[in-house]
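# Understanding the architecture of this molecule
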Amino acid sequence: MAVFQALVTAYIRTGVFDDLASQALDSLEVTTDEGLLLPVVAQSCASREALDLAMQYYGRGFSRMPPEERRLYQDVSLIASREELLSYRATEDDPAARREFLVRFWSVRDPDLMTSVNERKLEHYRRVWYSRAAFSEQANPWDRRGEVYIRYGAPDYRSTSAAVAPPMPVSVERIKERVAHDLYGPEGMAEVGRGPVFPIRRMHETGLDFPAELPPGTDQGEAPDPLEVEFGAPALADEPLAPADMSALDGDNYVVTLSRNRTQVTGGDFMSFIKWESWVYTGVAGGIEVVFTNEWGGGKFDFAPVPAAEFDEGALRRTSRMVKFSPAMVMNRSIRQMPEHFLPGGREAFLDFYYDRATFRGSNGKTRVEVYYGIPPRSLSESETEEQPVFQLGCAVALYDAESGHTLQDSEELVLRTSRELYTGKGTFIPNQLALDVSPGAYEMRVQVKDLVSGHSGIYKEKLEVEDYSLDTLKLSGLELGFQVSTEGGLEKYDKGGGIWVIPMTTKTYRMNQHPFVYYEAYGLKPDTFGQSRFTLQYTIHSMPEKGGTFGRLWAGVGGLFRRGERNPEVSVSTAQVRAETDLQEYFEMDLGNAKSGVNRLTVRIVDQNGNAEAEKEVLFKLER
């Protein structure tokens, strides 16, 4: 156990694992207490990118922990959304349902679809271990700092009463200034320093003797946990202790003066006999500061309490604002908006890219979900072994079925060589496409691009309702905007069948000298007695230019018909057709002429004259000069 404490102390101070003798630790005869070493070894492996090995060491460590300790790592109630927490609690007496829930829970949080290990789960284990090691001196399993740490990880800026505060980044200073404005008005912004903005007790009166620890068994009179408000226990108002009508107190013309024994603890301007910590998160809920204090000594930190009301002019105003912007209420609002936060590598490591999607009829009653990527070369790192720009990247897509709990995914690694001109050209992007055939229904979709040279990664999520195209009714597929449509061949991934290849325009942004292409499919037209379908196709473009004006013209590939919209920013083309097919593959090219820059909406509408039915789809695109 002494070895464990020494390692914990070293990590808390340095955060460095690289000097750990992992193999030597692995060879120890591990007892239950010594099993606490294995999470340390796991973090050593994770710091070296040996993620599979890290997960194995965590597993071995959990198998040697007492059940009550292991449950702390398995518990996800601190990072679950409100809906997830209700479902999680419902599985408390059903181990099989609990395991199934946790599989789904972690699956939708996997930040890297191209690895076999869930990095978010590894980070959760690390945060729990750190909270147990750093914030459990006088609380079991941890004090309030541990709760915040497990949700949001290490703060972007941390200052304490026990150490000289580090320099403040500009991003942190801006958040502190905003907090000061919310609490004290414009005048309070001048008081911002490296200590807490929220007021805590200061060293004001002499002769006061506060014990370092309370006598054993002393009742500290803890208030109800404000973080449980979100889930209904105990029953508190959204803004406890505040007046029912806050409208008269929330204006800009206010001044809040602190009582004489409270102050902002700025960078050395005041002393406080209360131990405190100030944590600032720049990426949580628009940026927050959370202030903890150790009011009674002994090492147990809690949210800084609201200053006691004083019976003087402005007391109600002061108390109302202090309650509203107290650390407990700040956390309450932040949890509602963002129960957890994890951005691997920080904002600098986030890789931005474009993506779009469209759905088509698949095989065997399924729907084909096509995801189109647009990766700006400027955001990627070049391989250093080639003279011309060479990029290595991975693309992945995953669809999580909320009803069945299953996840369908596909990924691809690419090595791309390009010219220097293309690499530096404005608006250039590398196209790619992945597709999955899935059953119709509701999904959560995750789309990822990873730079395999730098390790930077970006992932986007969206709710996706996958339409059913297998029914014997008139349907239009999604509308795919194209950079180019070819009938003479192309890459297999862009093959639509029927001799058509479409390279997607993922950015949805065209220059004035470009002609946008649109590809779509129609299903379920009714044949007449001669087996022919009769229908009308209508293409309408509604322009929303920045400063109005004429729109231009539309060329229809199905007939070459167009009509100018000289005064009306809406252009429409309609054509009646007779075909031998009841399922269609269609594309057309738009010549936008002298159109103004801005956002445009394209609507495709089909009317089945035999079946007395109609369907339409729309898509937005942008024109730039």
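The structure displayed is predicted, hence computed values, not measured ones. (Residues numbered from 1 in each chain as written. Predicted model: local features only at pLDDT ≥ 70, side-chain atom pairs only at ≥ 80, totals over all residues. Heavy atoms only, no water.)

### Examining the overall build of the protein chain
For clarity, the threshold we go by: Think of it this way: any DSSP run of H or I at least four residues long counts as a helix, any run of E at least two long counts as a strand, and we number them from the N terminus. Contact definition: two residues touch when any of their heavy atoms are within 4.5 Å. Calculation of accessible area relied on Shrake-Rupley with a 1.4 Å probe; when residues are assessed, cover is drawn exclusively from the protein chains displayed.
For the protein chain, the helix and strand inventory stands at 13 helices and 24 strands. Nonlocal contacts in the protein chain, meaning residues at least 24 apart in sequence, comprise 69% of its contacts between residues at least 6 apart. Of the roughly 31300 Å² of accessible surface on the protein chain, a fraction of 49% belongs to carbon and sulfur atoms.

### Focus on the pairing of strand 24 (residues 613-624)
The following threshold applies: In this scheme, strands are said to pair when DSSP sees at least two bridges between them.
The pairing of strand 18 (residues 509-511) with strand 24 spans three bridges and is parallel. Residue pairing across strands places Thr509 opposite Lys622, the latter belonging to strand 24. The pairing of strand 23 (residues 598-608) with strand 24 spans 11 bridges and is antiparallel. Across the sheet, the residue bridging to Thr603 is Glu618, located in strand 24. Between the end of strand 23 and the start of strand 24, which pair antiparallel, lie four residues, with Asn612 showing a positive phi angle near 50°.

### A word on the sheet that holds strand 7 (residues 354-361)
For clarity, the cut-off: Simply put, an axis is a line fit to the C-alpha atoms, just over the touching stretch for a helix, and the angle between two N-to-C directions goes from 0 to 180 degrees.
Taken in spatial order, the three strands line up as 7-8-11 in an open sheet, and their pairing is antiparallel. A strand with exactly one partner marks an edge of an open sheet, and here the two such strands are strand 7 and strand 11 (430-438). Strand-to-strand, the axes of this sheet are offset by a mean angle of 20°, without reference to chain direction. Judged from the eight bridges that link them, strand 7 and strand 8 (residues 367-375) form a sheet pairing that is antiparallel. Across the sheet, the residue bridging to Tyr355 is Tyr373, located in strand 8.

### Remarks on the packing of aromatic side chains
The condition that has to hold: Each Phe, Tyr or Trp ring, with Trp reduced to its six-membered ring, pairs with another whose centre is within 6.5 Å; inter-plane angles below 30 degrees give stacked pairs, above 60 give edge-to-face pairs, and intermediate values give tilted ones. For every residue, the accessible area obtained with a 1.4 Å probe (protein chains only) is divided by the maximum for its type, and the residue is called buried under 20%, exposed over 50%, and partly exposed between those limits.
What the rule picks out here adds up to 25 aromatic pairs. Seen from their ring centres, Tyr130 and Tyr149 are 4.6 Å apart, and the 15° between their planes marks the pair as stacked. On the criterion of sequence distance, the pair formed by Tyr130 in helix 8 (residues 119-134) and Tyr149 in helix 9 (residues 144-152) is long-range, its members being 19 residues apart. Tyr149 matches Tyr130 in its accessibility class, with the two residues each being buried. Members of the aromatic cluster, connected to one another through ring pairs, are Tyr130, Phe135, Tyr149, Trp279, Phe292 and Phe303.

### Some words on the pairing of strand 13 (residues 457-466)
Where strand 12 (residues 441-451) lies against strand 13, 10 bridges are found, and the strand directions are antiparallel. Residue Lys450 lies in a different strand from strand 13, and its bridge partner there is Ser457. Hairpin geometry of strand 12 and strand 13 is characterised by an intervening segment of five residues between the two adjacent antiparallel strands and by a positive phi of about 85° at Gly455.

### Points about the pattern of salt bridges
Inclusion rule: Here a salt bridge means any side-chain nitrogen of Lys or Arg lying within 4 Å of a carboxyl oxygen belonging to Asp or Glu.
Under the defined criterion, the tally for this structure stands at 30 salt bridges. When the shortest N-O distance is used, the salt bridge between Glu614 and Arg605 registers 2.9 Å. Counted as one network, the salt bridges with shared partners bring together Glu84, Arg109, Arg120 and Glu340.

### Considering the side chain of Glu295
Test applied: For this analysis, a polar contact is any N or O atom pair within 3.5 Å, provided that within protein one partner can donate a hydrogen and the other can accept it, and provided that sequence-adjacent residues contribute only side-chain to side-chain pairs.
Secondary-structure assignment places Glu295 in the loop between strand 5 (288-294) and strand 6 (302-303). At 2.9 Å, the side chain of Glu295 forms a polar contact with the side chain of Thr293. Those residues in contact with Glu295 that sit more than four places away from it in its chain are Arg201, Ile274 and Pro305.

### Some remarks on the sheet that holds strand 5
Read across the open sheet, the four strands follow the order 1-4-5-6; overall the sheet is antiparallel. Two strands close off the open sheet at either side, each with one partner strand: strand 1 (157-160) and strand 6. Against the sheet, helix 10 (residues 170-184) makes contact with strand 1, strand 4 (275-281) and strand 5, and its axis sits at roughly 110° relative to strand 4, the strand it touches most.

### Observations concerning a nonpolar patch on the surface
Filter applied, for reference: Exposure above 30% relative accessible area and the absence of a salt bridge qualify a residue for a patch, where like charges join within 9 Å and nonpolar side chains (Val, Leu, Ile, Met, Phe, Trp, Tyr) within 5 Å.
Nonpolar side chains collect at one region of the surface, where Met544, Val599 and Leu620 lie side by side and expose about 230 Å² of accessible area between them. Within the secondary structure, Met544 sits in strand 20 (residues 533-545).

### Considering the environment of Val330
Tracing the chain through its elements places Val330 in helix 12 (residues 327-337). Its relative accessible area of 14% is what places Val330 among the buried residues. Along the chain, Val330 and Glu289 lie 41 residues apart, while their C-alpha atoms are 8.1 Å from each other. With near-sequence residues (within four places) excluded, Val330 lies in contact with Ile288, Glu289 and Phe325.

### Some thoughts on the packing of helix 6 (residues 82-90) against helix 7 (residues 95-107)
For clarity, the cut-off: Throughout this description, any angle smaller than 35 degrees is read as roughly parallel, any larger than 145 degrees as roughly antiparallel, any in the 65 to 115 degree range as roughly perpendicular, and the remainder as oblique. If you view the pair so one helix is near and one far, a crossing is left-handed when the near helix is turned anticlockwise from the far one by less than a right angle, and right-handed when it is turned clockwise. Each residue is assigned to one class: nonpolar for Ala, Val, Leu, Ile, Met, Phe, Trp, Tyr, Cys and Pro, charged for Asp, Glu, Lys and Arg, and polar for all the others, Gly among them.
It is at 9 Å that the axes of helix 6 and helix 7 come closest, and there the two elements cross at 155°. One element, helix 6, and the other, helix 7, form an angle in the roughly antiparallel class. Our pair here, helix 6 against helix 7, has a crossing hand that is left-handed. Counting all contacts with helix 6, which are made through Glu84, Ser87 and Tyr88, the residues of helix 7 involved are Arg98, Phe101, Leu102 and Phe105. In terms of residue class, the contact of helix 6 with helix 7 is made up of four nonpolar, one polar and two charged.

### Focus: the nonpolar core
The criterion, for reference: Here, nonpolar core refers to any group of buried Ala, Val, Leu, Ile, Met, Phe, Trp, Tyr and Cys residues whose side-chain atoms link them within 4.5 Å.
Ranked by size, the top nonpolar core spans 48 residues in total, and within it Val76, Val148, Tyr152, Ile288 and Met331 carry the most contacts. For Val76, the residues in contact, after removing those within four places along its chain, are Tyr88, Phe101, Leu102, Phe105 and Trp106. Judged by nonpolar contacts, the second largest core, of 26 residues, contains Tyr510, Leu584, Met590 and Phe621.

### Some points on the packing of helix 3 (residues 37-47) against helix 4 (residues 51-63)
Running from amino to carboxyl end, helix 3 crosses helix 4 at an angle of 175°, the nearest separation of the two axes being 8 Å. Considered as vectors, helix 3 and helix 4 are oriented roughly antiparallel to each other. Counted together, Leu38, Pro39, Val41, Ala42, Gln43, Cys45 and Ala46 of helix 3 and Leu51, Leu53, Ala54, Tyr57, Tyr58, Arg60 and Gly61 of helix 4 form the full contact between these two elements.

### A few points about the confidence of the model for the protein chain
Note the following rule: For every residue, the predictor assigns a confidence score, pLDDT, that lies between 0 and 100.
Mean pLDDT for the protein chain: 80, with 74% of residues reaching 70 or above. When pLDDT is averaged over each helix and strand of the protein chain, the minimum, 45, is found for helix 2 (residues 22-26) and the maximum, 98, for strand 14 (residues 475-476). Of the regions scoring below 50 in pLDDT, residues 21-32 engages in 14 contacts with residues more than four places distant in sequence or in other chains. The model gives residues 547-568 a pLDDT under 50, and that stretch makes 64 contacts with residues more than four places away or in other chains.

### A word on unusual backbone geometry
The step from Asn140 to Pro141 runs through a cis peptide bond, and the omega angle for that step is 5°. For Pro141, the position within the fold is in the loop between helix 8 and helix 9. Of note, the phi angle at Ala285 is positive, near 50°, even though the residue is not glycine. With respect to the element layout, Ala285 can be found in the loop between strand 4 and strand 5.

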